[in-house]
Amino acid sequence: MLILKRFFRKMAEINNYLLFISSGALIIVATWLIVLIEPETFPTYFEGFWWVMTTVTTVGYGDYSPATAAGRWVAIILYIIGIGLIGVVIGKIIEGFALFRKKRVEGDIVYKDRDHFIIIGWSQKAKFAVEEINGTNPDAEIIIIDHLKEAPVLKNNIHYIKGDASDQTTLKKANVSQAKAVLIFADDSFVNEQMADGQTLLIASTIESLAPHIQTVVEIMDERHIPNFKHARVDEFIVSNETISSLAVRSAFRKGVSSIYSQLLSRSVGDDLYHVDRKSKWKTYRDAFEDLLSEGATLIADRDDLTINRRLEEELPVDAELYVVCDQETYQKIKE
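From a predicted model like this one, the values you see are computed outputs, not experimental measurements.

Scoring rules and cut-offs
Residues numbered from 1 in each chain as written. Predicted model: local features only at pLDDT ≥ 70, side-chain atom pairs only at ≥ 80, totals over all residues. Heavy atoms only, no water. Phe/Tyr/Trp six-rings, centres within 6.5 Å; stacked < 30°, edge-to-face > 60°. Helix = DSSP H or I, 4+ residues; strand = E, 2+ residues; numbered from the N terminus. Buried < 20%, exposed > 50% of the residue type's maximum accessible area, 1.4 Å probe, protein only. Pairing = 2+ DSSP bridges. Axes fitted to C-alpha atoms, helices over the stretch in contact; angles between N-to-C directions. Contact = heavy atoms within 4.5 Å. Core = buried A, V, L, I, M, F, W, Y, C linked by side-chain atoms within 4.5 Å.

Enquirer: Quick question: what am I supposed to make of the packing of aromatic side chains here?
Expert: A ring pair, where both rings are aromatic, is described by two values, the distance of the centres and the angle of the planes. What the rule picks out here adds up to two aromatic pairs. For the ring pair Tyr274 and Tyr331, a centre distance of 4.3 Å and an interplane angle of 15 degrees mean the geometry is stacked. One end of the pair, Tyr274, is in strand β7 (residues 272-276); the other, Tyr331, is in helix α12 (residues 328-335), and 57 residues separate them in sequence. As far as burial versus exposure is concerned, Tyr274 and Tyr331 are alike and both buried.

So this is what it looks like as structure tokens:
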């Protein structure tokens, strides 16, 4: 008994790869032996394999059993070695699943896919961003980077990496060079806006040094710091305080303005803002405007230019970035 206990303890310490190979080899050899020894009881290799598997997993249906002494010796070896070996393998598999989940919850992972969204800094704003991404594209992969002890949210398409986002090692774990876009939210724990923007700028600079081609969107607390972010080649920035204040004032002057902004910024209700690809048949802005209007969509902008209604006769640039307002059904129709 002591010998067997030491044997199984050694098996548990064996390299997983070697353990799986040994288990597979034992099953194959036992299947081959039992068919060779008792061809009448086990006429095909499938019957032999079935008996071996029900034996080593201790199921034991009893529909097959060896009738000769040699066959029973094979069974005894399986009882002594096979059951213990397969038990260790099953334990390793369960342990692997548990370890994988633990690593995911604690943010100790390395993401290797591409075209994902990276969100840096967990807050209520980041939570809404996750919901908006999922609402726009339910299949989008999202990586959250923060210092939290455990993942704030964990789903099949949402992953968590714990670490300092200004550290290249952390960003490489998130595979930032293959990401679709990075969203950086200001750290609300800083009382001083200058410190919050300084931290954001440090993170943005690190990202640009690793992946200058990646779309980077940052939240800025003080608009006076915008030149610094432009110098760091940040693609887009949102001035948090300015946006909220501007919307509040507009709502104060005209009731209902805030609901219009909310509808354009969120996909939960009514018509939304969508990007549409330029069609080769569109030669002027009027061609694009009237064609889209016939589909039920209103062309409102080319990039950040909102003066299209006064430029209808102008030639439509090849690199135009057109935006329309319409519902989801109309947008899908235009895409198709």
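Enquirer: Help me out: how do you make sense of the sheet that holds strand β9 (residues 322-326) in this one?
Expert: Hydrogen bonds between backbone groups are what pair the strands of a sheet, and the pairing can be parallel or antiparallel. The strand order across the open sheet built from three strands is β7-β9-β8, with neighbouring strands paired in antiparallel fashion. Two strands close off the open sheet at either side, each with one partner strand: β7 and β8 (298-302). Neighbour-to-neighbour, the strand axes of the sheet open up by a mean angle of 35 degrees, direction not taken into account. When β7 meets β9, the two strands line up antiparallel, connected through five bridges. Residue pairing across strands places His275 opposite Tyr323, the latter belonging to β9. Relative to β8, helix α11 (residues 285-295) is tilted by about 145 degrees, and along the sheet it contacts β7, β8 and β9. The sheet strands contacting α12 are β7 and β9, and the helix crosses β7 at an angle near 5 degrees.

Enquirer: What should I look at first to understand the pairing of strand β2 (residues 142-146) in this one?
Expert: Across the five residues that make up β2, a large majority, five, are buried. Residues of β2 alternate between two faces, with Ile142, Ile144 and Asp146 on one and Ile143 and Ile145 on the opposite face, all of them buried. As judged from the four bridges shared by strand β1 (residues 117-120) and β2, these two strands associate in the parallel manner. Residue pairing across strands places Ile120 opposite Ile145, the latter belonging to β2.

Enquirer: Please clarify how the nonpolar core should be interpreted in this entry.
Expert: One broad rule of soluble globular proteins: the nonpolar side chains tend to lie buried together. Within the largest apolar cluster, 26 residues are counted, with the highest numbers of intra-cluster contacts made by Ile118, Ile120, Ile145, Val182, Ile184 and Ile207. When residues of this core are traced back to their parent elements, those giving at least two are β1, β2, β4 (181-184), α7 (193-210), β5 (215-220) and α8 (226-231). If you tally residues by element for this core, the top one is α7, at three residues.

Enquirer: Looking at this structure, how should I read unusual backbone geometry?
Expert: It is generally the case that most residues other than glycine have a negative phi and that most peptide bonds are trans. The backbone of Asp115 sits at a positive phi, close to 60 degrees, despite the residue not being glycine. In this model, Arg303 sits at a positive phi of 55 degrees, which is unusual for a non-glycine residue. As for its position among the elements, Arg303 is in the loop between β8 and β9. Arg303 sits in the partly exposed class, given a relative accessible area of 43%.

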